Amino acid sequence: MRIEEFDYTLPKSLIAQYPLPKRDESRLMVINRKTGSIEHKMFRDLINYLNPGDLLVVNNSKVIPARLIGKTEKGTKVEFLVILKGNGKSHEFEVLIKKSKKIKPGTRLHIGDDIYAELKEVRYGRGKVSFSGSENIIDILNRLGHIPLPPYIKRVDEALDKERYQTIFAEHNGSIASPTAALHFSEELLSEINKNDIKVVKITLHVGVGTFAPIKSENIENHEMEAEWAEVTEEVAKAINETKEKGFRVISVGTTTTRALESFIDHDGNVKSGTDFTSIFIYPPFNFRVIDGLITNFHLPKSTPLLLVSAFAGKDLIFEAYRKAIEKGYRFYSYGDAMLIL
């Protein structure tokens, strides 16, 4: 299958630059896989499509302020993105370096007034770095780092993004991008969901390079996802399996949550608990064994999340939905609108 089959043209005016004033005020496109019907609602209407006994699974990873700006001894500014893997307790970290051609291994970068970072390796925009002192990497990032917004957001408002680029479920530090499908949930909507006997459980997948790295292979099958750290607790695995056994639906909030769930399956087809790195790549055709529904945003052309939703709902239906979304002026990407696929 060729990646060009998953391309589409999006007017730049539909790329959301800011979140809406209230999280649940975004629009919601509801897609029925069986009938092919497409409805246009508001995200707060989600409650009308959930049934008592359904289980929502969300990703509780927290975006870290992973973008650091340092200066060389000669005063040259160097911007890089710190990627945490596992528990983040290493003394050496992988980084993505912006405009890295003139940066050589051994370069020392001054960050703030009291920290310097030494680049150990530099190759094709990537490298490894170690930091001076004994301060924990999370403390360094919280003190000196910036929220790493996607490149298609062309403005700066750090105070806003510090709050709104995190979901209300964010607990565990580790992501360099938000699990954006959950950005639409407000505390008020969550309270209403809980009152209707709909359970919400949390898994963790730290969003890294694997989620948003472009597919460079002409043939989709040749693309390899980079591994990302994930965890499913014993309590959550039990809740999912019991929901399935009782005939209720498991609805995944986001493609990262979906990838984690479809990675933790035992030989009997049940969800298992554990922590591990996953590099699962979901594209059509794919046999989904856990999820019965999916809440997701509108994704970039030729991207791995777009391939995942095409695998779940069918490419033709997804592209018809995207055509209608563009026609009706839906907002796209991280701060954009949502779709519910059932």
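Predicted model, so just to flag it, every value in this text is computed and none were measured.

Q: Explain the pattern of salt bridges here, please?
A: Oppositely charged side chains can form a pair if their charged atoms are brought close together. In total, this model carries 14 salt bridges according to the counting rule given. For the salt bridge of D54 with R249, the shortest nitrogen-to-oxygen distance reads 2.6 Å. A residue pair is termed long-range when its members are at least 10 positions apart, and D54 in the loop between strand 2 (38-42) and strand 3 (55-59) and R249 in the loop between helix 5 (234-245) and strand 14 (250-253) qualify at 195 residues. Among the salt bridges present, the one from R143 reaches E135, with a minimum N-O distance of 2.8 Å. For R143, a relative accessible area of 40% corresponds to the partly exposed category. Through salt bridges with shared partners, a single network forms among E94, R126 and E226.

Q: It is not clear to me how the packing of helix 7 (residues 304-313) against helix 8 (residues 315-327) should be interpreted in this structure. Could you clarify?
A: In a pair of packed helices, the angle between the axes and the distance between the axes together describe the arrangement. Two elements in contact, helix 7 and helix 8, have axes whose closest approach is 7 Å; the angle formed by their N-to-C orientations is 120 degrees. Residues L306, V309, S310 and A313 of helix 7 form the contact with helix 8, whose participating residues are K315, L317, I318, F319 and Y322.

Q: Hey, could you run me through helix 3 (residues 187-195) in this one?
A: Each full turn of the α-helix corresponds to 3.6 residues, which orients residues three or four apart in the same direction. Considered for burial, the residues of helix 3 that qualify are L189, L190 and I193. Burial along helix 3 is one-sided: seen end-on, the buried residues are contained in an arc of 100 degrees. Residues E188 and K195 are exposed on helix 3 and point more than 90 degrees away from its buried face. Its buried side turned inward, helix 3 meets strand 3 and strand 12 (199-205). Where helix 3 terminates, the next one or two residues include D197, which has phi positive at roughly 60 degrees.

Q: In this structure, what is going on with the packing of aromatic side chains? I would like to understand it.
A: Two numbers describe a pair of aromatic rings. These are the distance of the centres and the angle of the planes. Under the counting rule described, the total for this entry stands at 18 aromatic pairs. Geometrically, the ring pair formed by Y152 and Y333 is tilted, given 4.8 Å between the ring centres and 55 degrees between the ring planes. Linking Y152 in the loop between helix 1 (137-144) and helix 2 (158-164) with Y333 in the loop between helix 8 and strand 17 (338-341), this pair joins segments that are 181 residues apart in sequence. Accessibility expressed as a relative area gives 17% for Y152, which makes it buried. In this structure Y333 comes out as buried when scored by relative accessible area, which is 6%. Each member of the aromatic cluster is reached from another via a ring pair, and the members are F6, Y8, Y152, F298, F319, Y322, Y330, F332 and Y333. The positively charged end of R33 is found above the aromatic ring belonging to F312, 3.9 Å away from the centroid. One cation-aromatic arrangement involves K315 over F6; the distance from NZ or CZ to the ring centre is 5.6 Å.

Q: Explain the side chain of T256 to me, please; I cannot follow it from the model alone.
A: Structurally, T256 can be placed in helix 6 (residues 255-261). A distance of 3.1 Å separates a polar atom in the side chain of T256 from a polar atom in the side chain of N59. Contacts of T256, omitting those with residues within four sequence positions, involve N59, P179, L205, V207 and T211.

Q: Help me understand the nonpolar core in this model?
A: Soluble globular proteins tend to bury their nonpolar side chains together. M29, I31, I240, I318, F332, M339 and I341 are the most contacted members of the largest nonpolar core, which totals 65 residues. The dominant element in this core, judged by the number of residues it contributes, is helix 7, at 7 residues. In terms of nonpolar packing, the next biggest core, distinct from the first, is built from 28 residues, F93, I103, A117 and V209 among them.

Q: What's the story with helix 8 in this structure? I'm lost.
A: Compared with an ideal rise of 1.5 Å per residue, which puts 13 residues at 18 Å, helix 8 spans 18 Å between its outermost C-alpha atoms and is within 8% of the ideal. Of the positions making up helix 8, those classed as buried are L317, I318, F319, A321, Y322 and A325. Immediately downstream of helix 8, the backbone of G329 shows phi near 75 degrees, a positive value.

Q: How should the pairing of strand 2 be read in this particular structure?
A: Two faces, one strand: in a regular strand the side chains alternate between the faces of the sheet. When strand 1 (residues 27-31) meets strand 2, the two strands line up antiparallel, connected through 5 bridges. Looking across to strand 2, one finds that L28 is bridged to K41. Where strand 1 folds back onto strand 2 in an antiparallel hairpin, the turn is made up of 6 residues, including G36, whose phi is positive at roughly 80 degrees.

Q: I tried to follow the sheet that holds strand 15 (residues 274-278) on my own but got confused; where do I start?
A: The strand order across the open sheet built from 9 strands is 2-1-17-16-14-3-12-13-15, with neighbouring strands paired in mixed fashion. The open sheet is flanked by strand 2 and strand 15, the only strands paired with a single partner. Between one strand axis and the next, the sheet turns through 25 degrees on average, direction left out of account. Of the strand pairs in this sheet, strand 13 (residues 228-232) and strand 15 are connected by 5 bridges, and their pairing is antiparallel. Bridging from a neighbouring strand, V232 pairs with G274 of strand 15. Here helix 8 sits on the sheet in contact with strand 1, strand 2, strand 16 (293-297) and strand 17, set at roughly 150 degrees to strand 1.

Conventions adopted
Each chain has its residues counted from 1, following the order in which its sequence is written. Predicted model: local features are reported for residues with pLDDT of at least 70 only, side-chain atom pairs are reported and counted for 80 or more only, and whole-chain, interface and lining totals are derived from all residues. Side-chain measures here rest on the full set of heavy atoms in the structure, leaving out hydrogens and waters. Salt bridge criterion: a side-chain nitrogen from Lys or Arg within 4 Å of a carboxyl oxygen from Asp or Glu. Strands here are runs of E lasting at least two residues and helices are runs of H or I lasting at least four, both read from the DSSP assignment and numbered beginning at the N terminus. For every residue, the accessible area obtained with a 1.4 Å probe (protein chains only) is divided by the maximum for its type, and the residue is called buried under 20%, exposed over 50%, and partly exposed between those limits. Axes here mean lines fitted to C-alpha atoms, for a helix over just the part in contact, with angles spanning 0 to 180 degrees between N-to-C directions. Residue contacts are defined here by distance: any two heavy atoms, one from each residue, within 4.5 Å place the two residues in contact. The directions considered for the arc are those from the helix axis to the C-beta atoms. Here a pair means two rings of Phe, Tyr or Trp (six-membered ring of Trp) with centres within 6.5 Å. Their orientation is stacked below 30 degrees between planes, edge-to-face above 60, and tilted elsewhere. By the criterion adopted, a ring carries a charge over it if an Arg CZ or a Lys NZ lies within 6 Å of its centre and within 35 degrees of its normal. Side-chain atoms alone can form a polar contact between residues adjacent in sequence; in general such a contact is a pair of N or O atoms within 3.5 Å, and within protein one must be able to donate a hydrogen while the other accepts it. The criterion is simple. A nonpolar core is a set of buried Ala, Val, Leu, Ile, Met, Phe, Trp, Tyr and Cys residues joined through side-chain atoms within 4.5 Å. To estimate how far a helix should reach, multiply one less than its number of residues by 1.5 Å. Between any two strands, at least two bridges found by DSSP are needed for them to pair.

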